[in-house]
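Secondary and tertiary structure notes
So you can see what is in the structure, the chains are spelled out below.
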Amino acid sequence: MRADGSRPVRTKVLRVDPRDVDEQKLARAASVVKSGGLVVFPTETVYGLGADSRNPEALLGIFRAKGRPHDNPLIVHLTGVDMLSGVASEIPPVAEALIGRFWPGPLTLVLRASPSLPREVTAGLPTVAVRCPAHPVALKLIELSGTPIAAPSANLSGRPSPTRAEHVISDLWGLVDVIIDSGDTLYGVESTILDVTRDPPVLLRPGAVTVEDLENALGAEISVPEAARGLLKSDVALSPGMKYRHYAPQKPLVLVESDDYTEGSGYPGKVISIAKSLASGGRKVVVLASDDGADLYRSSGLETVKLGPRSNLFEVARSVFSTLRMLDEMDVDVAVVEGFEERGLGLTIMNRLRKASGHTVIHVR
Ligand code: AMP
Ligand code: MG
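Worth saying up front: this structure is predicted, and the values here are computed from it rather than measured.

This brings us to the UniProt feature "domain: YrdC-like" (unreviewed entry) in the protein. Feature annotation in UniProt places "domain: YrdC-like" (unreviewed entry) on residues 23-209, given in this structure's numbering. Helix makes up 29% of residues 23-209 and strand 22%, whereas the separation of the span's terminal C-alpha atoms amounts to 29 Å.

Here you go:
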């Protein structure tokens, strides 16, 4: 028996090639979902910890396994709009337009919840978060399970989201029934969450779909509250998940923000002096840097891990969580991470870095 009174589980890993999906293996995973078990599955964003969205006991298992606070609701994963009945009670025209443009894909919509949905999914809110993942394994699993699957990210609460099965194994071994391993996820950051019950729609979490893409699709602006940027200023948590410590490595992380990251701004020089002053007490420092600054840091004698080029934020976003996990394995005392301009995926990256650093931010001019 574990401390919370639950029995340890014998976790089974199923390897499924996303380019050649083995339906028999997925049928075994689906039968676990149907019988109320916990199945970790890949999506195009991060790995999800799934259970039958209609089974309150199974849903409680998600919260138990993750150590997730009960007032933080789950995202319901569907194979498409036809699964929305019984989940959402109303689909406004804005949602229809976005679904047509972005599903399947990494956009989660907050809609009015169907009254039949268990309160474990919504945490008692009148709304529900839904998405249709663009991953052949996720879609087949939901289809074979014959039920919408509720799933948050498959990490222990507060830890960086898992972008490969090894991350899940290190967090949830013995706590879940099945882990489906389909290799690295594509985006490496979670879905964008947009509340379309409000006008204009409100961004609750920046993610793999950018604000610019949403506004282009709608031909209108959406509301981007400060909390969605990962800033502390907002004291009202718009999305229940916003108020919790998130994505944090075990090692201290210092984020260096600037109004100007362009070449000629002298930004890397400022990062170097911060990193060197942190190193002065004999502490081992590593800089998590864009490829652009990495050579300069190395030539200054600083240990450096590359996140990707500033010209390709897709790559940076993709490596953020795995780098934060790697940091905990490294022989260093503290990490300094570069900031990124808050445009496109830069907004998503900065949201994650501000939270991962526990808002330990140094602003340079
Ligand atoms: P995760 O996928 O682990 O990031 O967890 C799901 C995220 O969706 C959390 O940040 C939740 O707060 C958010 N979420 C789920 N349902 C709702 C809802 N009805 N309204 C606002 N946010 C939601
Ligand atoms: Mg999460």
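We are not done yet, so read on.
Attention now moves to the sheet that holds strand 15 (residues 334-338). Spatially, five strands are ordered 14-13-15-12-16 in an open sheet, and the strand pairing comes out parallel. Looking at strand neighbours, the two that pair on one side only are strand 14 (303-308) and strand 16 (361-364), the edges of this open sheet. Strand-to-strand twist in this sheet, taken as the mean axis angle between neighbours without regard to direction, amounts to 25 degrees. In this fold helix 10 (residues 313-329) packs onto strand 12 (253-258), strand 13 (285-290), strand 14 and strand 15, with an angle of close to 145 degrees to the strand it touches most, strand 14.

Counting residues in hydrophobic clusters, the biggest one holds 65 residues, and the most contacted among them are Val-40, Leu-49, Leu-107, Leu-109, Val-128, Val-130 and Ile-180. Residues in contact with Ile-180, not counting those within four places in the same chain, are Leu-14, Val-16, Leu-26, Ala-29, Val-39, Val-40, Phe-41, Pro-42, Tyr-47, Val-137 and Leu-141. One finds Leu-288, Val-334, Val-336 and Ile-349 within the second-largest nonpolar core, a separate group that totals 43 residues.

Okay, the layout of surface pockets next. Its boundaries defined by the atoms lining it, the second largest pocket holds a volume of some 370 Å³. Every residue lining the second largest pocket is counted, 20 residues in all, and those nearest its centre are Tyr-261, Thr-262, Glu-263, Asp-292 and Arg-310. At the level of secondary structure, the elements contributing two or more residues to the lining of the second largest pocket comprise helix 8 (267-279) and helix 9 (291-299). Among the elements that take part in the lining of the second largest pocket, helix 9 stands out by supplying three residues, more than any other. Taken together, the residues of the lining of the second largest pocket sort by class into six nonpolar, six polar and eight charged.

Here we come to the packing of aromatic side chains. Evaluated as defined, the whole model comprises three aromatic pairs. Judged by centre distance (5.1 Å) and plane angle (45 degrees), the rings of Tyr-247 and Phe-321 are tilted. Placement of the pair is Tyr-247 in the loop between helix 7 (211-218) and strand 12 and Phe-321 in helix 10, with a sequence separation of 74 residues. Taken as a pair, Tyr-247 and Phe-321 share a single burial class, namely buried. Summarising the aromatic geometry, the rings of Tyr-261 and Tyr-267 are spaced 4.8 Å apart at their centres and angled 80 degrees between planes, so their arrangement reads as edge-to-face. No difference in accessibility class separates Tyr-261 from Tyr-267, as the two residues are buried.

This part is about the environment of His-359. Along the chain, His-359 falls in the loop between helix 11 (345-356) and strand 16. Measuring from C-alpha to C-alpha, the distance between His-359 and Leu-255 comes to 7.9 Å, with 104 residues separating the pair along the chain. With residues near it in sequence (within four places) discarded, His-359 still touches Gly-230, Leu-231, Leu-232 and Arg-354.

Our focus in this paragraph is the pattern of salt bridges. Per the counting criterion, the structure on display carries 19 salt bridges. With its nearest N and O atoms 3.4 Å apart, the salt bridge here joins Lys-140 to Glu-143. Taken together, the positions of Lys-140 and Glu-143, both in helix 5 (residues 136-145) and three residues apart, correspond to about one turn of that helix. Relative accessible area serves as the criterion here: at 47%, Glu-143 is assigned to the partly exposed category. Residues Arg-159 and Asp-171 are paired through a salt bridge, measuring 3.9 Å at the closest nitrogen-oxygen approach. Of this pair, Arg-159 sits in the loop between strand 8 (149-151) and helix 6 (165-172) while Asp-171 is found in helix 6, placing the two residues twelve residues apart along the sequence.

On to the UniProt feature "binding site: L-threonine" (unreviewed entry) in the protein, then. UniProt's feature table lists "binding site: L-threonine" (unreviewed entry) at Thr-45, Arg-68, His-77, Arg-131, Ala-151 and Ser-191, given in the numbering used throughout. Relative to the assigned elements, Arg-68 resides in the loop between helix 2 (56-66) and strand 4 (75-77). Looking at Arg-68, the relative accessible area reads 12%, which means it is buried. Apart from residues lying up to four places away in sequence, Arg-68 is in contact with Phe-63, Pro-73, Leu-74, Pro-152 and Ser-157. With respect to the helices and strands, the residue Arg-131 is situated in strand 7 (residues 127-131). Arg-131 sits in the buried class, given a relative accessible area of 2%.

This paragraph deals with the side chain of Ser-145. Tracing the sequence through the fold places Ser-145 in helix 5. Overall, Ser-145 belongs to the buried group, its relative accessible area being 5%. Apart from residues no more than four positions distant in its own chain, Ser-145 is found in contact with Ala-30, Val-33 and Lys-34.

Here the focus is unusual backbone geometry. With an omega of -10 degrees, the peptide bond running from Trp-103 to Pro-104 counts as cis. Residue position: Pro-104 is located in the loop between helix 3 (93-102) and strand 6 (107-113). With an omega of 0 degrees, the peptide bond between Asp-199 and Pro-200 qualifies as cis. Non-glycine residue His-359 carries a positive phi angle of around 65 degrees. For His-359, a relative accessible area of 30% puts it in the partly exposed group.

The rules behind each value
Residues numbered from 1 in each chain as written. Chains lettered and ligands numbered in written order. Predicted model: local features only at pLDDT ≥ 70, side-chain atom pairs only at ≥ 80, totals over all residues. Heavy atoms only, no water. UniProt positions renumbered as here; feature names shortened; annotations may be inferred. Helix = DSSP H or I, 4+ residues; strand = E, 2+ residues; numbered from the N terminus. Pairing = 2+ DSSP bridges. Axes fitted to C-alpha atoms, helices over the stretch in contact; angles between N-to-C directions. Contact = heavy atoms within 4.5 Å. Core = buried A, V, L, I, M, F, W, Y, C linked by side-chain atoms within 4.5 Å. Buried < 20%, exposed > 50% of the residue type's maximum accessible area, 1.4 Å probe, protein only. 1 Å grid on protein atoms, 1.4 Å probe; cavity = no way out; pocket = protein on both sides within 12 Å on 5 of 7 lines; lining within 4 Å. Points joined across faces, edges and corners; volume = space filled by probe spheres on them. Nonpolar A, V, L, I, M, F, W, Y, C, P; charged D, E, K, R; others polar. Phe/Tyr/Trp six-rings, centres within 6.5 Å; stacked < 30°, edge-to-face > 60°. Salt bridge = Lys/Arg side-chain N within 4 Å of Asp/Glu carboxyl O.

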